[in-house]
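Structural features, examined
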Amino acid sequence: MDYATEDERMMRRCLQLARNGRQNAKPNPMVGAVIVADGRIIGEGYHVRCGEGHAEVNAFASVSAEDEPLLKEATVYVSLEPCSHYGKTPPCADLIIKKGIRRVVVGCEDEFAEVKGRGIQKLREAGIDVTVGVLEEECRELNRRFFTFHREHRPYIILKWAQTANGFIDDEGQALQISSPLTQMLSHKLRAEEDAILVGRVTNEREHPQLTVRHWHGNNPKRLVVDRTHPLNLDSLHAHNIQSLIVEGGAKTLQSFLVQNLWDEIRVETNLTLTVGGGTRAPHLPANATVAHQQRYGDNQIVTYRKLSLHAIADND
């Protein structure tokens, strides 16, 4: 058997399962697990809802009584390191050991301080063969909000704006409909996936934005309005377990984040056929922004940017 090929195939299934928890797993990470024996999947699961069973627990629960004896020779695939501590549920590493599993394949290590390598260590000390780092980049990407929150003690920050083809976000200071019905729906989908959304005082007073998910399904993000007398308090957001934040403007608010290099993702929608005579210029993209994804929807194009690493910037100089 080609373990590398099989491990990647099963880890992709873990990632597919994990994404099902996007709405309800928060503030926990999205995790998927697959149990394989005799060349077939005998159990699988994902973390459905915070406070309920983790992916590994649900995967074991799905194994039929007839397949239970196969667990002694099974391999458990999990997209994130199994937990080793008691939280709202018992440690998954202990459950894996109890089931007598022979081999465990982990997508990536957990950066959460109470886990961070301890689950992997516990499995190895129990004599289980553990492979770490299969599709690691994809596994880390899936939970980038969770990792940023625990590593940097702040939310994952998404700067977002819509602009005309000639680079304005309004028409001579007046609000302008730039998004199409489809891209507006996609914006509301994004809102449903993030914890909070922020605008500046001027935008709030001028446009009275609802900042809801009325064109999608899900929970409305927490609404935040900031100005000089009510600045953003990242420590407070961290304390309230807000793992992700959309910043929708206006221009001065967006620029304040860019100047501080306080962003993880930038999402720019451009109406490729709409121009205006003047108005408020869209922010300039920072030098460390690189295209991560782009998609055209009729006359509108959405481009998502991520930060270049410091090493990549140095190599380009």
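The text that follows walks through the structure, step by step, so that each part is easy to find.

On to the packing of aromatic side chains. Taken as a whole, this structure holds 1 aromatic pair when the rule is applied. Considering the side-chain rings of Phe146 and Phe147, the 5.9 Å spacing of their centres and the 65° angle between planes classify their relative orientation as edge-to-face. Among the residues examined, Phe147 registers a relative accessible area of 1% and is labelled buried. Over the aromatic face of Phe147 sits the side chain of Arg140, whose NZ or CZ is 4.4 Å from the ring centroid. The residue whose ring lies beneath Lys307 is Trp263, and the NZ or CZ to ring-centre distance is 5.4 Å.

In globular proteins that are soluble, nonpolar side chains generally tend to be buried together. Met11, Ile35, Leu71, Tyr77, Ile101 and Val104 are the most contacted members of the largest nonpolar core, which has 41 residues in total. If we skip the residues at most four places from it in the chain, Ile101 touches Phe60, Leu71, Ala74, Val76, Ile96 and Ile128. Counting residues in hydrophobic clusters, the runner-up holds 24 residues, among them Trp161, Ile169, Val247 and Ile266.

Pairing between the strands of a sheet is mediated by backbone hydrogen bonds and can be parallel or antiparallel. Pairing in this open sheet of 7 strands is mixed, and the strands run S8-S7-S9-S6-S10-S12-S11 from one edge to the other. Of all strands in the sheet, those with a lone pairing partner are strand S8 (222-226) and strand S11 (289-297), marking the two edges. Pairs of neighbouring strands in the sheet enclose a mean axial angle of 20°, with direction left out of account. Bridging between strand S6 (residues 156-163) and strand S9 (residues 244-247) involves 4 bridges; their strand directions are parallel. Of the residues in S9, the one forming a bridge with Leu159 is Val247. The sheet contacts of helix H6 (residues 144-152) involve S6, S9, strand S10 (265-271) and strand S12 (300-307), and relative to S6 the element is tilted by about 125°.

Opposite charge on two side chains permits pairing when their charged atoms draw close. Summed over all chains, the structure comprises 28 salt bridges. Close ionic contact of Asp195 with Lys26 constitutes a salt bridge, the shortest N to O distance being 3.1 Å. On the criterion of sequence distance, the pair formed by Asp195 in the loop between helix H7 (181-193) and strand S7 (196-200) and Lys26 in the loop between helix H1 (3-18) and strand S1 (32-37) is long-range, its members being 169 residues apart. Residue classification places Asp195 among the buried residues on the basis of a relative accessible area of 19%.

With that out of the way, let us pick up helix H4 (residues 118-125). Among the residues making up H4, those that are buried are Gly119, Ile120 and Leu123. Each buried residue of H4 lies within a common arc of 100° when the element is viewed along its axis, so the set occupies one face. Just downstream of H4, Gly127 is the residue with a positive phi angle, here 90°.

Further remarks concern unusual backbone geometry. With omega at 5°, the peptide bond leading from Lys26 into Pro27 counts as cis. Secondary-structure assignment places Pro27 in the loop between H1 and S1. Between Gly249 and the following residue, Gly250, the backbone shows a cis peptide bond with an omega angle of 10°. Mapped onto the elements, Gly250 comes out in the loop between S9 and helix H10 (251-259). The backbone of Leu135 sits at a positive phi, close to 55°, despite the residue not being glycine.

Cut-off values and rules
Residues numbered from 1 in each chain as written. Predicted model: local features only at pLDDT ≥ 70, side-chain atom pairs only at ≥ 80, totals over all residues. Heavy atoms only, no water. Phe/Tyr/Trp six-rings, centres within 6.5 Å; stacked < 30°, edge-to-face > 60°. Buried < 20%, exposed > 50% of the residue type's maximum accessible area, 1.4 Å probe, protein only. Lys NZ or Arg CZ within 6 Å of the ring centre and 35° of its normal. Core = buried A, V, L, I, M, F, W, Y, C linked by side-chain atoms within 4.5 Å. Contact = heavy atoms within 4.5 Å. Pairing = 2+ DSSP bridges. Helix = DSSP H or I, 4+ residues; strand = E, 2+ residues; numbered from the N terminus. Axes fitted to C-alpha atoms, helices over the stretch in contact; angles between N-to-C directions. Salt bridge = Lys/Arg side-chain N within 4 Å of Asp/Glu carboxyl O. Arc of directions from axis to C-beta.

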